[in-house]
Amino acid sequence: MIIDGHNDLVLRRWRGEPSPHLDLDAALAAGFAGGFFALYIPSPHPPDPTEIPYALPLPESIPFEEAARIADELFDTLCGLPVARARSADDFRAGRITAIVHMEGAEAIAADLSNLEQWYGRGLRSIGPVWSRANAFASGVPFRFPSTPDIGPGLTDAGCALVRACNELGILVDLSHLNEAGFWDVARLSDAPLVATHSNAHALCAASRNLTDAQLAAIRDSGGVAGVNFAVTFLREDGMQVVDTPLSEIVRHVAYLTERMGIDHVALGSDFDGAVVPDELGGAAGLPKLVGALHDAGFDDAALAKITHENWLRIFRATWR
Ligand code: ZN
């Protein structure tokens, strides 16, 4: 059973686009049991780095009213998928796909948090306060390579209130896409395990979206998890968008995160349908190939169970109410 930290299938379906990685029947046959399904309000001109080095500006902010309308449509799209909605860790089981309602960027949450409980009632169980674009809660980390993630200010007062409210309600706070100042603000404020759903090791790939060794140590010390992102630009040492990237690049990040944090703190966060992933993997149907490559690299069955699902389930039990 494979639980995954991030996919953008909902955006693809909302736009009426084909899904390059997540054919749900094929995914199910490959052991995919679901995970975080992002409600992501797209920016008009999504960045697409083609040269190294790159330093893309943060996209424009999105006003609340517009975001709230689109988020409603995205949520309806998710509800139309043949998946169960996760409200507790026990909702995940082999042989079906379970979706965590996850907001990637909290633009659709009012700055005074007045609609947060309503979203919780709809099943919202995870929020990334920002995608890589500023909003009422925080500044995102701009896409840059090579670059430190330490770019820009941390959480706003509304962002601090959002983290506290998420702790109270039992909503997971996702650190992927936060800049470093925002990361440390959440680390100080939150009483839940720290989670980066889809981010890699900065020591191996110096993208601004990846996690420094100090951030990894904080995640480990909190009992948290980092989900390894399959996006080639966050895997490769040269940061290049090259589909001809071997599966061993994913294995390299899993091994490094395990070495730094221990096996209890490493999971998968594919970014399926939202990023360019290695051709050798293809999509969710290729997950057994990845598990085989990890096995060949020395991860035994107990370790693979933790990476593929047990670590995520522990996080859900510790975070959700
Ligand atoms: Zn993302």
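Residues numbered from 1 in each chain as written. Predicted model: local features only at pLDDT ≥ 70, side-chain atom pairs only at ≥ 80, totals over all residues. Heavy atoms only, no water.

Draft legend 1. Local environment of the side chain of Arg209. With respect to the helices, strands and loops of the structure, Arg209 is situated in the loop between strand E9 (195-196) and helix H7 (213-221). Asp271 provides the closest opposite charge to the buried, salt-bridge-free Arg209, at an N-O distance of 4.8 Å. A polar contact is formed between the side chain of Arg209 and the backbone oxygen of His198, at a distance of 2.7 Å. Setting aside its immediate chain neighbours within four residues, Arg209 contacts Ser132, Val141, Phe143, Ser176, His177, His198, Ser199, Asn229 and Phe234. (Helix = DSSP H or I, 4+ residues; strand = E, 2+ residues; numbered from the N terminus. Buried < 20%, exposed > 50% of the residue type's maximum accessible area, 1.4 Å probe, protein only. Lys, Arg positive; Asp, Glu negative; His and termini not counted. Salt bridge = Lys/Arg side-chain N within 4 Å of Asp/Glu carboxyl O. Polar contact = N/O pair within 3.5 Å; in protein donor to acceptor, adjacent residues only side chain to side chain. Contact = heavy atoms within 4.5 Å.)

Draft legend 2. Highlighting the nonpolar core. Residues Phe37, Ile109, Leu116, Ile127, Phe230, Ile250 and Leu290 are the most contacted members of the largest nonpolar core, which totals 81 residues. Looking at this core element by element, the count peaks at seven residues for helix H5 (residues 157-169). Not counting the four nearest positions on each side in its chain, Ile109 is found in contact with Phe64, Met103, Asn115, Leu116, Trp119, Ile127 and Phe137. In this structure, Phe36, Phe92, Val195 and Trp312 belong to the second largest nonpolar core, which totals 15 residues. (Core = buried A, V, L, I, M, F, W, Y, C linked by side-chain atoms within 4.5 Å.)

Draft legend 3. Expanded view of the pattern of salt bridges. Going through the model one piece at a time under the given rule, you end up with twelve salt bridges. One salt bridge in this structure joins Arg15 and Glu17, with 3.9 Å as the shortest N-O distance. Given the relative accessible area of 37%, Arg15 is considered partly exposed. Look at Glu17 and you get partly exposed, because its relative accessible area is 30%. The salt bridge partner of Asp185 is Arg188, with a shortest N-O separation of 2.4 Å.

Draft legend 4. Molecular detail of the coordination of the zinc ion. Distances from the zinc ion to its protein donors, Glu104 (OE), His177 (NE2) and His198 (NE2), fall within 2.1 to 2.2 Å. The motif formed by the donor residues of the zinc ion, counted along the single chain, is E-x72-H-x20-H. Taken together, the positions of His177 in the loop between strand E8 (172-173) and helix H6 (180-189) and His198 in the loop between E9 and H7 put the pair 21 residues apart, joining distant regions of the chain. (Donors = N, O, S within 2.8 Å, 3.2 Å for Na, K, Ca; no water.)

Draft legend 5. Structural view of H7. Within H7, burial applies to Gln215, Leu216, Ala218 and Ile219. Buried residues of H7, viewed axially, fall in a sector of 160 degrees; they line one side. Residues of H7 that are buried in the fold lie against H6, E9, strand E10 (225-228) and helix H9 (248-261). Positioned one or two residues after H7, Gly223 has a phi angle of 85 degrees, which is positive. (Arc of directions from axis to C-beta.)

Draft legend 6. Seen up close, the environment of Asp4. Mapped onto the elements, Asp4 comes out in strand E1 (residues 2-7). As for Asp4 and Phe32, which are separated by 28 residues in sequence, their C-alpha atoms are 7.8 Å apart. Those residues in contact with Asp4, other than ones at most four positions away along the chain, are Phe32, Gly34, Gly35, Phe36, Leu268, Gly269, Ser270 and Trp312. A distance of 3.5 Å separates a polar side-chain atom of Asp4 from the backbone nitrogen of His6.

Draft legend 7. Molecular detail of the environment of Arg125. Mapped onto the elements of the fold, Arg125 is located in strand E6 (residues 124-128). Given a relative accessible area of 4%, Arg125 falls into the buried group. Sequence separation between Arg125 and Ile171 is 46 residues, and the spatial gap between their C-alpha atoms is 4.7 Å. Residues contacting Arg125, with those up to four places away along its chain left out, are Ala86, Arg87, Ile100, Val101, Tyr120, Gly170, Ile171, Leu172 and Trp320. Among the polar contacts made by the side chain of Arg125, one reaches the main-chain carbonyl oxygen of Tyr120 at a distance of 3.1 Å.

Draft legend 8. Representation of the pairing of strand E5 (residues 98-104) in the model. Counting buried positions over the seven residues of E5 gives seven, a clear majority of the element. Burial along E5 is two-sided: the face carrying Thr98, Ile100, His102 and Glu104 and the face carrying Ala99, Val101 and Met103 are both buried. Across six bridges, strand E2 (residues 32-39) lies against E5 in parallel orientation. Bridged to Phe36 within E5 is Ile100. Here two bridges tie strand E4 (residues 84-85) to E5, and the two strands are oriented parallel to one another. Considered in E5, the bridge of Ala84 is made with Thr98. Between the parallel pair E5 and E6, the chain is carried across by helix H4 (residues 116-122), and the sense of this crossover is right-handed. (Pairing = 2+ DSSP bridges. Right-handed = clockwise from strand over helix to strand, strands pointing away.)

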